[in-house]
Amino acid sequence: MIAEANVFDPFADDPPAGLLPPAETPAVTFESGGVTLPGVLHVPAGPGPHPIVVLLHGFPGNERNFDLAQVLRRAGYATVVFHYRGSWGAGGTYSWGSVLEDAARVVRAVREEGFAAAHRLDPERLAVAGHSLGGFAALRTAAGDPSVRAVASIAGFDLGIAAGECAADPAARAGYVEAFGDELLPLAGTSGEALIAELEAAGDEWRLRRLAPRLADRPVLLVAGERDDVARPEIHHHPLVAEYAAHPVPLLEHRLLSSDHALSGDRVTLARTLLTFLTPHLNPTP
């Protein structure tokens, strides 16, 4: 009887012993808008070059998805988690605009020749994934950078929809000012009122549905939580899925999980969903 071959499982197995160079987790920094952004790079074991996933956290960044970073690393992806300007000790002033600028800058920076060579990265195989506000930023970053190979939005929060709600209903606006204001402890230089004013200035231009033409040639994953009371799926997920399907965005995938905004009860399912989505497009070699 022939024994069944062992199958590597990134959810249960570490990389083979002796694989060189070994996995490492260096602290890294990126310059954006004259500010130094702190980050962590998760480099897989092996010579590479490894595909890259930039992970974007949300507002204010309590859930940073390090569990996803570790699973992705074991599966052969290098991952980057970083803080935006004005958040969690990074210098500068926090704003929605700076989040978008910082996300785009980090995506460019990890592909720069010196950085990629130093950390065994493949600048031609890069994806962006984000949670909540990070999902919004991931889709906008990919839409603005055709070299991003794939993009995933997890419980994405559409700031353009929030802008429309604020314009239509003063009570909704006041609720957003209060809700954003309650989350400012790890953020610098902003206020609930300032964040709403920035939304209002951007208006409908920030609606994610407008990105469909620029994402039509890319794999796009949209994930939502059925019990999400922040980025409610009936407002932020289902209409966007319908818009992208109708455009169409041919490589669109979408998934509704049973959990809350942080996908608290579905983290393994979320990681499997993300890995299954990325692997055909970035082809890691753990």
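Throughout what follows, the structure given in this document is the object of discussion.

Rules used throughout
- Residues numbered from 1 in each chain as written.
- Predicted model: local features only at pLDDT ≥ 70, side-chain atom pairs only at ≥ 80, totals over all residues.
- Heavy atoms only, no water.
- 1 Å grid on protein atoms, 1.4 Å probe; cavity = no way out; pocket = protein on both sides within 12 Å on 5 of 7 lines; lining within 4 Å.
- Points joined across faces, edges and corners; volume = space filled by probe spheres on them.
- Helix = DSSP H or I, 4+ residues; strand = E, 2+ residues; numbered from the N terminus.
- Axes fitted to C-alpha atoms, helices over the stretch in contact; angles between N-to-C directions.
- Parallel < 35°, antiparallel > 145°, perpendicular 65-115°, else oblique.
- Left-handed = near helix turned anticlockwise from the far one by under 90°.
- Contact = heavy atoms within 4.5 Å.
- Nonpolar A, V, L, I, M, F, W, Y, C, P; charged D, E, K, R; others polar.
- Buried < 20%, exposed > 50% of the residue type's maximum accessible area, 1.4 Å probe, protein only.
- Polar contact = N/O pair within 3.5 Å; in protein donor to acceptor, adjacent residues only side chain to side chain.
- Salt bridge = Lys/Arg side-chain N within 4 Å of Asp/Glu carboxyl O.
- Phe/Tyr/Trp six-rings, centres within 6.5 Å; stacked < 30°, edge-to-face > 60°.

### Re empty space enclosed by the protein
Point 1. Inspection of every chain in the model, using the stated rule, returns two cavities of 30 Å³ or more.
Point 2. Reported here for the largest cavity is a volume of approximately 80 Å³.
Point 3. Lining of the largest cavity is provided by 13 residues; of these, S153, G156, V223, H236 and H237 occupy positions nearest its centre.
Point 4. Only β7 (220-225) and α9 (233-236) provide two or more residues apiece to the lining of the largest cavity.
Point 5. It is β7 that provides the largest number of residues to the lining of the largest cavity, a total of three residues.

### Describing the packing of helix α2 (residues 96-109) against helix α4 (residues 133-144)
Point 1. For the pair α2 and α4, interaxial distance at closest approach is 10 Å and the crossing angle is 55°. In terms of axis orientation, α2 runs oblique to α4. Where α2 crosses over α4, the two elements pack in a sense that is right-handed. Seen from α2, the contacting residues are W96, V99, L100, A103, A104 and V107; seen from α4, they are L133, F136, A137, R140 and T141.
Point 2. Counted by class, the contact of α2 with α4 contains nine nonpolar, one polar and one charged residues.

### Digging into helix α5 (residues 159-168)
Point 1. For α5, the full list of buried residues reads L159, G160, I161, A162, A163 and C166.
Point 2. Those residues of α5 hidden inside the fold are in contact with α2, α4, α6 (170-181), α7 (192-202) and α9.
Point 3. The residue sitting at the N-terminus of α5 and contributing the capping side-chain oxygen is D158; that oxygen lies 2.9 Å from the backbone nitrogen of G160.

### A look at unusual backbone geometry
Point 1. Looking along the chain, the bond that leaves L20 and enters P21 is cis, with omega of -10°.
Point 2. By secondary structure assignment, the location of P21 is in the segment before β1 (27-32).
Point 3. Residue P60 is bonded to the preceding F59 through a cis peptide linkage, with omega at -5°.
Point 4. Even without a glycine there, the phi angle at S132 is positive, about 60°.
Point 5. Locating S132 in the fold gives a position in the loop between β5 (121-131) and α4.

### Topic: the layout of surface pockets
Point 1. Estimates place the volume of the largest pocket at around 510 Å³.
Point 2. Along the walls of the largest pocket sit 25 residues, with F59, S132, F157, V230 and H261 positioned nearest its centre.
Point 3. Elements with a minimum of two residues in the lining of the largest pocket: α5, α6 and α9.
Point 4. With three residues, the single largest contributor to the lining of the largest pocket is α6.
Point 5. Among the residues making up the lining of the largest pocket, the classes are represented as 12 nonpolar, seven polar and six charged.

### Structural notes on the pattern of salt bridges
Point 1. Applying the stated criterion across every chain yields a total of 16 salt bridges.
Point 2. The closest approach of N and O atoms between E112 and R105, which form a salt bridge, is 2.9 Å.
Point 3. Linking R207 and D204 is a salt bridge whose minimum nitrogen-to-oxygen distance equals 2.8 Å.
Point 4. Linked by salt bridges that have partners in common, D204, E205, R207, R209 and R210 make up one network.

### Remarks on the environment of F82
Point 1. Checked against the element boundaries, F82 lands in strand β4 (residues 78-82).
Point 2. In the structure, F82 is positioned 151 residues away from P233 in sequence and 27 Å away in space, judged by C-alpha atoms.

### Looking at the packing of aromatic side chains
Two aromatic rings are characterised by how far apart their centres lie and by the angle between their planes.
Point 1. The tally for this structure, following the rule as stated, stands at 11 aromatic pairs.
Point 2. Ring geometry for F157 versus Y176: centroids 6.4 Å apart, planes at 75°, classification edge-to-face. Pair noted here: F157 is in the loop between β6 (150-154) and α5 and Y176 is in helix α6, with a separation of 19 residues, a long-range link. Residue F157 shares its accessibility class with Y176, and that shared class is buried.
Point 3. Through successive ring pairs, a cluster of aromatic residues spans F59, Y94, W96, F157, Y176 and F180.

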